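Architecture and fold: a report
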Amino acid sequence: MSSRFPRPGPCVGPAVPSSLDSVSPLQRATDHLRRVLRLQEGTGPAAEARISAQVEDLLQRLPADALPAPEDLVDQLWAVLLEAGQPLAARFFRPYRAGRGPVLWVRRPGTGADPLARERVEAVLERRCRALEDPHLDGPRIHRLCRARLRDGMSEAALVRVLALTSPGQAAVLDRLGVTV
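Keep in mind it's a predicted model, so treat the numbers as computed, not measured.

1. Examining the pattern of salt bridges
If charged atoms from side chains of opposite charge come close, those side chains can pair. Considering all chains together, one arrives at 9 salt bridges under this definition. Note that Arg-94 is salt-bridged to Asp-114, the shortest N-O span being 1.9 Å. Here Arg-94, found in the loop between helix 4 (87–90) and strand 1 (103–107), pairs with Asp-114, found in strand 2 (residues 113–117); they are 20 residues apart in sequence, far enough to count as distant. For the residue pair Arg-94 and Asp-114, the accessibility class agrees, reading buried in each case. Arg-118 is paired through a salt bridge with Glu-122; the nearest N and O atoms lie 3.2 Å apart.

The structure is reproduced here in structure tokens:
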């Protein structure tokens, strides 16, 4: 039985690029960050102004070497949001474990825990230790110290404290105190 309308045939010709192909990973992450912050702030002119200011502030905190790979960028945004005191927004950027590999279990403030990819968390720490502003600081030593403090079952607040140890001010204090692992 034939139909009145013929079925469309296969598309012939050059492939039409999708709109996602032309958007940079930084722009995609920025848009996602705006959407997440809108969930917290709401909508309206005053909220949009606050969101724009927050996004600019958070993007300024990203290390310069975090931009090439989308996964690295998302992991860095996660760390920056945690340090900025926005754990609810940071959950949208968590480095969840995909597939097999070592897991770092982090307890949520309420109940439950999330399995994070341990390699990705350690890569965030390493990248942040490489980006220390003071050239006299011993980045590998600070990285070892931070890595040694990662434990299964640690709270989100404890993870924030470990990430804060990689900030330039905290790293300088650790270096002056001669803290070793």
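2. Some details on the packing of helix 5 (residues 118–130) against helix 6 (residues 139–148)
Running from amino to carboxyl end, helix 5 crosses helix 6 at an angle of 150°, the nearest separation of the two axes being 9 Å. Our classification of the angle between helix 5 and helix 6 gives roughly antiparallel. Helix 6 is crossed by helix 5, and the crossing has right-handed handedness. Each of Glu-122, Leu-125, Glu-126 and Cys-129 in helix 5 lies in contact with helix 6, whose residues at this interface are Gly-139, Ile-142, His-143, Cys-146 and Arg-147. A per-class count over the contact of helix 5 with helix 6 returns 4 nonpolar, 2 polar and 3 charged.

3. Structural notes on the pairing of strand 2
Taken together, the 5 bridges between strand 1 and strand 2 define a ladder with antiparallel strand orientation. Within strand 2, the position partnered with Leu-104 by the bridge is Leu-116. The turn joining strand 1 and strand 2, which pair antiparallel and follow one another in sequence, is formed by 5 residues; a positive phi near 95° is taken by Gly-112.

4. As for the environment of Ser-52
Within the secondary structure layout, Ser-52 lies in helix 2 (residues 45–60). The partly exposed category is assigned to Ser-52, whose relative accessible area is 30%. Expressed as a C-alpha distance, the spacing of Ser-52 and Arg-34, which sit 18 residues apart in the sequence, is 7.7 Å.

5. A word on helix 1 (residues 25–41)
Between its first and last C-alpha atoms helix 1 spans 24 Å; for 17 residues at 1.5 Å apiece the expected length is 24 Å, and the two agree. When we look at burial in helix 1, the residues that qualify are Ala-29, Thr-30, Leu-33, Val-36 and Leu-37. Down the axis of helix 1, the smallest arc covering the buried residues is 125°, so these residues share one side. Those residues of helix 1 that are buried are in contact with helix 2, helix 3 (70–83) and helix 4. Positive backbone phi, approximately 95°, marks Gly-42, located one or two places after helix 1.

6. Some details on the confidence of the model for the chain
Across the chain, pLDDT averages 75, with 73% of residues at or above 70. Put simply, helix 8 (residues 168–177) is where the chain has its lowest mean pLDDT, 65, and strand 1 is where it has its highest, 87. Long-range and interchain partners of residues 8–17, a stretch whose pLDDT sits below 50, account for 0 contacts in this model, where long-range means more than four residues apart.

7. Here's the deal with the nonpolar core
Across soluble globular proteins, nonpolar side chains have a tendency to be buried as a group. If you look at the biggest cluster of nonpolar residues, it comprises 34 residues, and the most contacted ones within it are Leu-33, Trp-78, Leu-150, Met-154, Leu-159 and Leu-163. If you list the elements that add at least two residues to this core, you get helix 1, helix 2, helix 3, helix 4, strand 1, helix 5, helix 6 and helix 7 (156–164). Counting residues per element, this core draws most heavily on helix 3, which supplies 7 residues.

Rules of the game
- Residues numbered from 1 in each chain as written.
- Predicted model: local features only at pLDDT ≥ 70, side-chain atom pairs only at ≥ 80, totals over all residues.
- Heavy atoms only, no water.
- Salt bridge = Lys/Arg side-chain N within 4 Å of Asp/Glu carboxyl O.
- Helix = DSSP H or I, 4+ residues; strand = E, 2+ residues; numbered from the N terminus.
- Buried < 20%, exposed > 50% of the residue type's maximum accessible area, 1.4 Å probe, protein only.
- Axes fitted to C-alpha atoms, helices over the stretch in contact; angles between N-to-C directions.
- Parallel < 35°, antiparallel > 145°, perpendicular 65-115°, else oblique.
- Left-handed = near helix turned anticlockwise from the far one by under 90°.
- Contact = heavy atoms within 4.5 Å.
- Nonpolar A, V, L, I, M, F, W, Y, C, P; charged D, E, K, R; others polar.
- Pairing = 2+ DSSP bridges.
- Expected span 1.5 Å × (residues − 1).
- Arc of directions from axis to C-beta.
- pLDDT = per-residue confidence, 0-100.
- Core = buried A, V, L, I, M, F, W, Y, C linked by side-chain atoms within 4.5 Å.

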